[in-house]
Amino acid sequence: MTASSVGKPLDRVDGRLKVTGTATFSAEVAVANVAHAVIVGATISKGKITALDVGEAQRVPGVVAVLTHLNAAKVPGADKPTEMTDKVVQVLQNDAVLYDGQPIALVVADTLEHASHAASLVKATYAAEAAICEMDKEIGAGFAPKAAPGRPPPDSNRGDIDAALATAFARVDATYTTPCENHNPLEMHATIAVFQGEDHLTLYDATQGIFGLRKRISKAFDLKPENVRVISHFVGGGFGSKGSAWSHVFLAAMASRATGRAVKLSITRQQMFAFVGYRPQTIQQVTAAASKDGTLVALRHEVTSATSRFDTFAEPSANVTRMLYACPNVKTSHRLVRLDVATPTFTRAPGEASGSFALESALDELSYSLKMDPLALRLKNYAETDPDEKKPFSSKTLRDCYTQGAAKFGWSKRKPEPRSMRDGNWLVGFGMATATYPSRQSAASALARVKKDGSAQVLAGSQDIGTGTYTIMTQIAADALGMSVERVHFDLGDTTFPETPVSGGSQTASSVGSAVKRAGMAVRTKLIDLAVKGKGGPLNGMSAEQVDAEAGVLVSKQDRTKSDSYEAVLARNGLDQIEEKIDEKEKAERKDHSTHAFGAHFIEVKVDPDFGEVRVSRVVSAFAAGKILNRKTARSQFIGGIVWGLGLALHEHTERDPRTSRVVTKDLADYHVPVHADVPDMDIVMVDEVDPYVNEIGAKGVGEIGIVGVGAAIANAVYHATGKRVRSLPITLDKLL
Amino acid sequence: MTHAIAVGASAPDFTLRSLSASALALRALRGRPVVLAFADTFSIGGANADLLREIRAHLRGLGAVLVVLAKSAVFYFRPDDDVEAFDDASPELAREVRDIATAYGCERAMPALFVVDSEGVVRFARRNVDIQGAGGVEGALVAALDAAGRAVLSPKRSLLLTRREWVVTGLVAGFILAFVDGCRDNGAPSPMPPAPGASAAPPPLPAPPGSGDIDVTLNVNGTDRQVRIDPRVSLLDAVRERLALPGTKKGCDHGQCGACTVLVDGMRVNACLTLAIATQAPWAKITTIEGLATGENLHPLQRAFIAEDGFQCGYCTPGQIMSALGMLTEGHLKNDADIREQMSGNICRCGAYPNIVAAIAGVRARKEV
Amino acid sequence: MKPFAYSRETGLDHALARGKEDGVRYLAGGTTLIDLMRLGVEEPSTVVDLRALPLRDIKADGDGVQIGALATNTEVAYHPLIAKAYPVLSEALLSGASPQLRNMASVGGNLLQRTRCSYFRDPSSPCNKRMAGSGCPALDGYNRSNAILGVSSSCIATHPSDMAVALLALDAVVHVRGGGGERAVPMGDFHVAPGSTPAVETALQKGEIITHVTVPASPFAQRSHYVKVRDRASYAFALSSAAVALDVSGGVVKSARVVLGGVATKPWRATEAEAELVGKPPTSMSFDAAGAAAVRGAVPRTHNAFKVELAKRTVARALRDLVGKA
Ligand SMILES: Cc1cc2nc3c(=O)[nH]c(=O)nc-3n(C[C@H](O)[C@H](O)[C@H](O)COP(=O)(O)OP(=O)(O)OC[C@H]3O[C@@H](n4cnc5c(N)ncnc54)[C@H](O)[C@@H]3O)c2cc1C
Ligand code: SF4
Ligand code: FES
Ligand code: FES
């Protein structure tokens, strides 16, 4: 195999579809006579529905059905999550209202206009109860979440933190908070549900996990899993919110079953703040202590995050503190408080994004107490092995990230004093932080097939939520098959394809990529076998080791004039195609290693001294994430993560009215995300890293690490620029006045 | 002896034994609705991509699969899979198809189309489908599918529902009218018992004068397109839901994201806050993302977005590209540094901003727009 | 959205006749109206589209300029008569919304845009402005974006327009036509503070149409400047803004205009701040004093208290930049 596609900055194979508007997102699948459904949301946060008047809604022309808890079919298991991504859903099963915006009715009509209007006419009367949403007031009622199977425990303790603190030279004790943030992918959650008879259901759904969705829905509707088909060819961003089957998917299916029609349900932007998850608020207490030379002697990280009354999701913010630095005494804990709110969920780098803000801010504070360069402090405490799992890293090239990033950024030009750098009227600050994210792998399957025309088709369930799955899988498959990418067609997003995990936790490339690679290799091996052992042909009689594959042609390594094309091999042997399906498991060597990607952010901010407006003016970020499968799409993932970090640092917060627990900031004018003008160009350094243990393809995943540390790097830069330490995100200007 | 299979009757079972690969039996498809189409000749070659898309759309709408029985070939259509063609024309196949057609009473009335529900009951029957002016047999099939969809699905109550579900949705009203309506031209209707608790549809709400559906012409991408809409329909929903141009995206429906950006008379606007009725021809000319490429030739901005990876999920992309085009032609862009401000009406939640700016700056530098 | 009838009028008199009917709303760019209709805040039964009316010209008017009510925000902002002679107006317009929205939004509509108060925009919430007597949840709820000036115990909604702030600083006059003929309403009288009737936002009578706005020539128009402070770099409403204009001669301020945006229930002319400036040399000290004077009487609340300091600084900074610019 000489020419390799993996690693090259190949243009996205689905690029053409995306720029011409012909990539079909879920709500855009063509369905004749589709009925439109609109959800009616509760307008209280706690209590009971005492009356529902749907008369006026039903009289709107074109209305097909109005479903409420009084007439909706029972959905067993709606409140019984079984998998990690499952959520308790509210699908018109009773009169209870548990949070603002909870679905209380569903209107189905012939047009969107009729359905929306009718939905606005449904009148609910409630017996409301006092709802609580102020987390700080509930913190005394914090409880420890149950450890999820296969996940790190909520608490950890190594060494003797109290003894260590007694001897420390410098110490920081601080409380950091992060707000509730909504994912807000630009494509709103959408489902088209088509019941075919009673026993078959097709869902065109904007989801990060077609198989998880199939499992949850088939159980809830008592259907055979193979009779539920989930199709999701394009997803307009997910970031975690589309990793679970939320209420609207069930409702769309219920409506299709009840009306015997195909039903399209696209939720509104306002509803994106109601029942599709969010990153929960956290309150994090951190103690960091060091000896005089900067050696960390103690780290304590106590996290409390908020969840709903009926479901348990804990933001694992302190996990990063357990493993990032070589510190002998580390104690961490996670607690939950219940509020009258909807259930939170995984959000881009769940735990790491919020937790690294606290940890990496505390380290910055410590560096000032020690009068030590923040980068030097990190290098001083570099962990050569994973201090938490007590295992070697499968690979770790963080030191190169620090040095290359710092050099490109010009970190050495940083004047140590806060408020010491200016550009005209602007205050200038430099900040840095470390990034890390676990490299996961789950079981995944893939199928590869070479057809008699010499082209290949490769299939794996999976999803492409913008991460570039289509493209990198095409590249991996092409290399494994010994073909050029132009002849390889990779398809995904259909539960009739081989089973794969959820696109979350940065595991798609590693899990699906490993399966695709092995499936491709298996087909190639078969082809070579046929060429050397099958009927005739120029390579017949050679040993398989003597044959190479290149651009769909088998060649003898000794005598390159001897070659045999895939078409010829298949034709001669009377075959239409050769295919192999591979079920790939976690790579065995992973057990003996700690697997993480690492990186370092160097960020410059400018702060208006009068107004406290913060502008991020320069970003240099270096990452070591194993094999980079496609430099173009990987760079995009890093950039995207950093833009998210910028939003987390400066803009994003969902606010509730403390008296009603209702969301106040529920659109994109009130919930600010970064716009073009907020985002500078970025310098992304991809540090070479070879990792033989992490998985079959040596890639660590690049989807989430970009955001990790950015909150702290910006906060640290703001401190450097202004001398003001902001410990509560986002850093809105009022906090700097 | 021919007898017409009536709506409400059981669909005669059949098994096509002559098919070489595998036998195709109606009974084996039981459990989901099936559309049966009979034609003297049918060829998938005649079904171009658009037609195929339409057939699939109809099958999704009906929740059905489609079996086309022609004397020379049999085709099995499912909405989300490749069409299976059994086209090894043999005298046995022709005989089998003729026999089945006889059982359905349409051997002399082709093309004919039947919708059979999941329990094997015929819900719609149409014989002698007009093929003149319908674009041949294939076009006629789509027209018949459309008629079938309207008949069994609209307006209140699907006739494809089986008995169990009738009970579940007892509060849904107005199905009797629909039933009668749907079957009017299909021979003898066989009334279903009403669901418990169901009542006739209440009279619709009074609408303000002049607010009914109106026929308007929209000039989109240089073509006049007729749509029948209610004045509430936004330009965004008109192109997405009525004109099958879903390239323009909805990200907020309130002017807060730019995903819906289109050009109206060359100026970029938010289609979500624009009434379709107010941009009808000849008042306005609309350009959407679907109108940029000429055939296979992409617009320079489209090429640049691909080359610079100016997107991730691609959902904001049509809006970004249309906005960039508007920006470059409206003439207020001062310099490259100004691109960020001038593009700030287009949110990219994936954060592809630096690459989007690079793509636009490249097009600008090369003076391609 | 409630159903409505649509009509497009080409003559002003016809449009005015339609406007007398109940439940009629005029439509210009639609960026406020359609938005609020989709939210269920506005529920007209008839929408009368004004865009075919000949009210789009921007032309010289004596020494000043006349701007048609249907001229778009983009057209006004970039018009040579405006950009040069009335920089504050151009700057204010270009700081507002997005290029797309500015291509749609009209001058008349911009003056009549409604508050972004989140409770007002949610029909399931009480709101005195939307439903008289239902209460004002913003008073003690989440009120970060709400006003600190011109407030009442009934309503603290911020007027969100940038353009109107500049127009007030320029002594513009709004010309309206109604059943009773033409009226000219000075900008200072056009918007009204909520008092006990927050639903009443302007001096416009039922059915009246804004035909144009005139901006007079003034000694300070050309030396004018707009500063807007917001939560992100673009595409956001003002947390605070200031339109300032100075006529300086002989090293002394002869006359001044200081108008605040983003912090008040209507475009807020700070006459006390102007008084601090007049008769003195334009120095940082008097600018700071003007800033302090501008927020005198401010009523801060839980989440918007920062606006007192911010508005003060916005005024001082706008003045400093203005003098620096010249
Ligand atoms: C996401 C978003 C962000 C925005 N950001 C900003 C911002 O930062 N700064 C800012 O200033 N504005 C901002 N706006 C508001 C925008 O400027 C206004 O919506 C716009 O100016 C309204 O003009 P229009 O022509 O679209 O009005 P329309 O929506 O057409 O009309 C508004 C109202 O005025 C009436 N009306 C219109 N024209 C006339 C007339 N000639 N005579 C009588 N009545 C009339 C209508 O009946 C209606 O009640 C933003 C809007 C959105 C949606
Ligand atoms: S401030 Fe005014 S607009 Fe806002 S809720 Fe109170 S009354 Fe309504
Ligand atoms: S959908 Fe129109 S601006 Fe968001
Ligand atoms: S590419 Fe996903 S929103 Fe821009």
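This text follows the structure it describes.
Residues numbered from 1 in each chain as written. Chains lettered and ligands numbered in written order. Predicted model: local features only at pLDDT ≥ 70, side-chain atom pairs only at ≥ 80, totals over all residues. Heavy atoms only, no water.

Scanning chain A from N- to C-terminus turns up 16 helices and 29 strands. C-alpha atoms of chain A, sized along the principal axes, occupy 80 × 75 × 50 Å. Counting every position in chain A, which comprises 737 residues, the buried fraction comes to 68%. Across chain A, contacts joining residues at least 24 apart in sequence account for 80% of those joining residues at least 6 apart. Accessible area of chain A: about 22,600 Å², with a carbon and sulfur share of 52%. In chain A, 85 positive and 84 negative side-chain charges are present, and the distance between their average locations comes to 2 Å. (Helix = DSSP H or I, 4+ residues; strand = E, 2+ residues; numbered from the N terminus. Buried < 20%, exposed > 50% of the residue type's maximum accessible area, 1.4 Å probe, protein only. Contact = heavy atoms within 4.5 Å. Areas by Shrake-Rupley, 256 points an atom, 1.4 Å probe, with all protein chains shown as cover. Lys, Arg positive; Asp, Glu negative; His and termini not counted. Charge placed at Lys NZ, Arg CZ, Asp CG, Glu CD.)

Inspection of the region around ligand 2 gives 14 residues, with Cys 117, Cys 127, Cys 136, Cys 155 and Ile 156 of chain C positioned closest. In terms of residue class, the shell around ligand 2 is built from 10 nonpolar, three polar and one charged. (Near = heavy atom within 4 Å. Nonpolar A, V, L, I, M, F, W, Y, C, P; charged D, E, K, R; others polar.)

Take the side chain of Glu 42 of chain C next. All names here are of chain C. Within the element layout of this structure, Glu 42 appears in the loop between helix H2 (33-39) and strand E3 (46-49). With a relative accessible area of 9%, Glu 42 lands in the buried category. A polar side-chain atom of Glu 42 sits 2.7 Å from a polar atom in the side chain of Arg 25. In this structure, Glu 42 is in contact with Arg 25, Leu 33, Leu 36, Met 37 and Arg 114, ignoring residues within four places of it in sequence. (Polar contact = N/O pair within 3.5 Å; in protein donor to acceptor, adjacent residues only side chain to side chain.)

So, about the interface of chain B and chain C. Facing the 34 residues of chain B at the interface are 34 residues of chain C. Here chain B packs against chain C, burying approximately 2,800 Å² in sum over the two surfaces, 58% of which is carbon and sulfur. Remark: the boundary between chain B and chain C carries one salt bridge. Taking the shortest distance from any N to any O, the salt bridge between Asp 253 of chain B and Arg 38 of chain C comes out at 3.3 Å. Where chain B touches chain C, the interface holds 13 residue pairs in polar contact (both at pLDDT 80 or more). Contributing elements (two or more residues each) for the side of chain B that touches chain C: strand E12 (267-270), helix H9 (317-330) and helix H10 (339-342) of chain B. Counting residues per element, the side of chain B that touches chain C draws most heavily on E12 of chain B, at four residues. Considering only residue class, the side of chain B that touches chain C consists of 13 nonpolar, 16 polar and five charged. (Buried area = accessible area lost by both parts, 1.4 Å probe. Salt bridge = Lys/Arg side-chain N within 4 Å of Asp/Glu carboxyl O.)

Moving on, we come to the packing of helix H8 (residues 300-308) of chain B against H9 of chain B. For any two helices packed against each other, one specifies the crossing angle of their axes together with the interaxial distance. Residue and element names in this part refer to chain B. One way to put it is that H8 packs onto H9 with a least axis distance of 10 Å and a crossing angle of 130°. Looking at the two axes, H8 sits oblique to H9. Between H8 and H9 the crossing geometry is right-handed. Counting all contacts with H8, which are made through Leu 301, Gln 302 and Phe 305, the residues of H9 involved are Thr 317, Gln 320, Ile 321, Ala 324, Leu 325 and Leu 328. Its residues assigned to classes, the contact of H8 with H9 comprises six nonpolar, three polar and no charged. (Axes fitted to C-alpha atoms, helices over the stretch in contact; angles between N-to-C directions. Parallel < 35°, antiparallel > 145°, perpendicular 65-115°, else oblique. Left-handed = near helix turned anticlockwise from the far one by under 90°.)

So, on to the side chain of Gln 102 of chain A. Residues and elements named next belong to chain A. On the secondary structure map, Gln 102 appears in the loop between strand E4 (96-97) and strand E5 (103-109). Judged by relative accessible area, Gln 102 falls into the buried class, the value being 4%. Not counting the four nearest positions on each side in its chain, Gln 102 is found in contact with Val 40, Gly 41, Ala 42, Gln 90, Ala 96 and Val 97.

The subject of this paragraph is the pattern of salt bridges. The full count for this structure, using the stated rule, is 95 salt bridges over all chains. Here Arg 121 of chain C and Asp 35 of chain C are joined by a salt bridge, their closest N and O atoms 2.9 Å apart. Of this pair, Arg 121 of chain C sits in the loop between helix H7 (107-111) and helix H8 (163-169) while Asp 35 of chain C sits in helix H2, and the two are 86 residues apart along the sequence. An identical accessibility class is assigned to Arg 121 of chain C and Asp 35 of chain C; each is buried. In this structure, Arg 317 of chain C and Asp 321 of chain C form a salt bridge, with 3.5 Å as the shortest nitrogen-oxygen distance. Of the two residues, Arg 317 of chain C and Asp 321 of chain C both sit in helix H12 (residues 306-325), four residues apart, roughly one turn of that helix. Take Arg 317 of chain C: its relative accessible area is 11%, and that puts it in the buried class. Judged by relative accessible area, which is 30%, Asp 321 of chain C ranks as partly exposed. A network of salt bridges, in which partner residues are shared, links Asp 608 and Asp 610 of chain A together with Asp 288, Arg 317, Arg 320 and Asp 321 of chain C.

Quick look at the site of ligand 1 now. Near ligand 1 there are 35 residues, and of these Tyr 26, Thr 31, Thr 32, Ser 106 and Asp 162 of chain C occur at the shortest range. Those residues lying near ligand 1 are distributed over chains B and C. Asn 110 of chain C has a polar backbone atom sitting 3.4 Å from an oxygen atom of ligand 1. If ligand 1 stood free it would expose 970 Å²; the protein chains cover 96% of that surface. Of all the secondary structure elements, the ones that give two or more residues to the shell around ligand 1 are strand E2 (24-27), H7 and strand E8 (209-215) of chain C. When grouped by side-chain class, the residues that make up the shell around ligand 1 number 15 nonpolar, 15 polar and five charged.

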